[in-house]
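Observations on chain architecture
Residue-level listing of the chains:
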Amino acid sequence: MASAVQFRMQCAICFIPAVQMWLQWTRFAKTIPQVAYCIFGLLTVPRSSLCTPCSEVISYGAGKPEADVVVIGSGIGGLCCAGLLSRYQQDVLVLESHDTPGGAAHSFQKKDYKFDSGPSLFSGFQSRGPQANPLAQVLDALGESIPCASYDSWMVYIPEGEFLSRIGPTEFFKDLEKYASLNAVREWRKLLDAILPMSTAAMALPPLSIRGDWGVLSTAATRYGPSLLKSFAQMGPQGALSATKLLRPFSEIIDSLELKDPFIRNWIDLLSFLLAGVKSDGVLSAEMVYMFAEWYKPGCSLEYPLHGSGAVVDALVRGIQKFGGRISLRSHVENIVVQNGRAVGVKLRSGQFVRAKKAVVSNASMWDTLNLLPQEVLPKSYKDRIKMTPQCESFMHLHVGFDAEGIREDLGIHHIVVNDWKRGVDADQNVVLISVPSVLSPDLAPPGKHVLHAYAPGTESFERWEGLDRKSAEYKELKAERSEFLWKAVERAIGPGFDREKCEVKLVGTPLTHRRYLRRNRGTYGPAIKAGQGTFPGHSTPIPQLYCCGDSTFPGIGVPAVAASGAIVANSLVSVSQHSQLLDAVGI
């Protein structure tokens, strides 16, 4: 999910018209980075657990009660922001309410089983250079790497049947011929022929080059403008014209190509949902074009971080500390302190005041950040906009530890279950994502065991759970009722060797769980902003020295997107020369 900015291609041969085009685009965007970054769709695979607690993370008491920049929250966006600021030699302090860093991407342990609490589908960790995943670029800047296991397929269970879906340019055609029709094969080929050439333009601008002021013309436009114009020239007039649709809903490209095969339309909706939590009429074309380039180009692969998704958090924490940054766990921010109209620090639940000499950066959601601020200092229009922004629904989670005996050896890490195409992939209890990461990283479970995470993202209403006592019989009964569809999906995917009654660990997470551990307003997945119908907010606020990053800001929801948001804020807080030196140092 990302903001949409309309633009018109005037010329792709010389740089002067491109600058004119850039200035024209700014009329449609609320912030400069929205223009620069959104045009090229540098968003990749989504969606986004308690990492093994980092032994090196310091306690708040060991550090001084001030910093150049105070970051509220240790989600991926906050950690990326803090990491780059530390790399820029800023004194940074991250304050995390939980006892483990990572936010929605943290990992946790139960009876020697190590679980991902959130994202499990990744790609681009090993990529380097201008076209790399935003998170990979941040890790590269911090001198950190993540060992990964590569794979190229996932199991799909749909009304038409079940099959092993492989990424790459040719394998999926075989699935289409078998489970759909020859017409579906023709339409899929037509789609790839139309959008893969756009990926050069969609990947032309490194996300690490974006900042939130006019310095972006130096770090992004001047630096990468020639390669961008070259990519447009290579596309030819027709391709360049098609690229103007990058900032519109992807459904418009599908409609313009007259793709009507039901299977193709359903499959594209499923991919959109996996990427951004919305169907093709709500996802930005640039996001989908980037994803297609990542998943359907020759030699492509998916990646899972060895030791679990918590290894990503560990790497970011190491990077922060390597450059002198600090992280304080169990440090709950009660208020953002505003004096003389400026954010000057935060007050902890303990009563301690922590001074921020240059800036406060909130990695909390827009609604939670609003609640941290004194209401009298905020413009009514700002408060009203946040309160009126629609929210995505919440999650149902199932975390299971079970014996691998009797389970087929070719189980595979990922399984996707779609119960009914007609209801829509975003319908309640219709799509289940299942991850068995111990298939690729056996250390996540005891010998001969597996860990499993099944979830329904962004489709569980908070209203159903609101006001319930988590210790009540009513709550437990509702958990059992609302998790049954997850169990059935798991039983279908894992096969007859699986017995839920024999599972050693059985944990059901609800919207109240989301709210409790992630401190997410109403347990939400994030803002429900559809492409073409609104824009994600920028990173500055009406309060000087207060900035925001994370999935409530541009570019939106998903691991790469929030990594990019954190990078943009960090870049915006240092000089253009410092920013340029970093780009030179990492070779982009």
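As a reminder, the structure under discussion sits directly above these lines.
None of the values given here were measured: they were computed from a predicted structure.

Further remarks concern the pairing of strand S2 (residues 92-95). The alternating pattern of S2 places Val 92 and Val 94 on one face and Leu 93 and Leu 95 on the opposite face, and all of these are buried. Following the chain from strand S1 (residues 66-72) across helix H3 (residues 76-87) to the adjacent parallel S2, one finds a crossover that is right-handed.

Our next topic: the packing of helix H5 (residues 171-179) against helix H6 (residues 182-195). Helix-helix packing is described using two parameters, namely the angle between the two axes and the distance between the axes. Where H5 meets H6, the axes come as close as 7 Å, and the angle between the chain directions of the two elements is 150°. One way to sum up the angle between H5 and H6 is to call them roughly antiparallel. Of the two elements, H5 crosses H6, and the hand of that crossing is right-handed. Residues Phe 172, Phe 173, Leu 176 and Glu 177 of H5 lie in contact with H6, whose contacting residues are Leu 182, Ala 184, Val 185, Trp 188, Arg 189 and Leu 192. Per-class residue counts for the contact of H5 with H6 are eight nonpolar, no polar and two charged.

Before going further, it helps to spend a moment on empty space enclosed by the protein. When its volume is computed, the second largest cavity comes out at roughly 90 Å³. Looking at the second largest cavity, the residues that line it are Ser 120, Leu 121, Trp 154, Leu 274, Trp 295, His 414, His 415, Ile 416, Leu 433, Ile 434 and Tyr 455. Taken together, the elements giving at least two residues each to the lining of the second largest cavity come down to strand S14 (414-418) and strand S15 (431-435). The element that contributes the greatest number of residues to the lining of the second largest cavity is S14, accounting for three residues. Its residues placed into classes, the lining of the second largest cavity shows eight nonpolar, three polar and no charged.

Taken as a whole, this structure holds 15 aromatic pairs when the rule is applied. A network of ring pairs unites the aromatic residues Phe 163, Phe 172, Tyr 179, Trp 188, Phe 250, Phe 263, Trp 267 and Phe 292 as a single cluster. The ring of Phe 173 has Arg 189 sitting right over it, with the charged end atom 4.3 Å from the ring centre.

Before going further, it helps to examine the nonpolar core. Soluble globular proteins tend to bury their nonpolar side chains together. Counting 68 residues, the largest nonpolar core has Trp 188, Phe 250, Trp 267 and Phe 292 as its most contacted members. Sort the elements by how many residues they give to this core and helix H10 (residues 262-276) lands first, with 10 residues. For Trp 267, the residues in contact, after removing those within four places along its chain, are Trp 154, Val 156, Phe 163, Ser 165, Phe 172, Trp 188, Tyr 296 and Trp 421. The next biggest cluster of nonpolar side chains, apart from the first, holds 54 residues, and it includes Leu 84, Val 138, Val 559 and Ala 563.

What counts, and where the lines are drawn
- Residues numbered from 1 in each chain as written.
- Predicted model: local features only at pLDDT ≥ 70, side-chain atom pairs only at ≥ 80, totals over all residues.
- Heavy atoms only, no water.
- Buried < 20%, exposed > 50% of the residue type's maximum accessible area, 1.4 Å probe, protein only.
- Helix = DSSP H or I, 4+ residues; strand = E, 2+ residues; numbered from the N terminus.
- Right-handed = clockwise from strand over helix to strand, strands pointing away.
- Axes fitted to C-alpha atoms, helices over the stretch in contact; angles between N-to-C directions.
- Parallel < 35°, antiparallel > 145°, perpendicular 65-115°, else oblique.
- Left-handed = near helix turned anticlockwise from the far one by under 90°.
- Contact = heavy atoms within 4.5 Å.
- Nonpolar A, V, L, I, M, F, W, Y, C, P; charged D, E, K, R; others polar.
- 1 Å grid on protein atoms, 1.4 Å probe; cavity = no way out; pocket = protein on both sides within 12 Å on 5 of 7 lines; lining within 4 Å.
- Points joined across faces, edges and corners; volume = space filled by probe spheres on them.
- Phe/Tyr/Trp six-rings, centres within 6.5 Å; stacked < 30°, edge-to-face > 60°.
- Lys NZ or Arg CZ within 6 Å of the ring centre and 35° of its normal.
- Core = buried A, V, L, I, M, F, W, Y, C linked by side-chain atoms within 4.5 Å.

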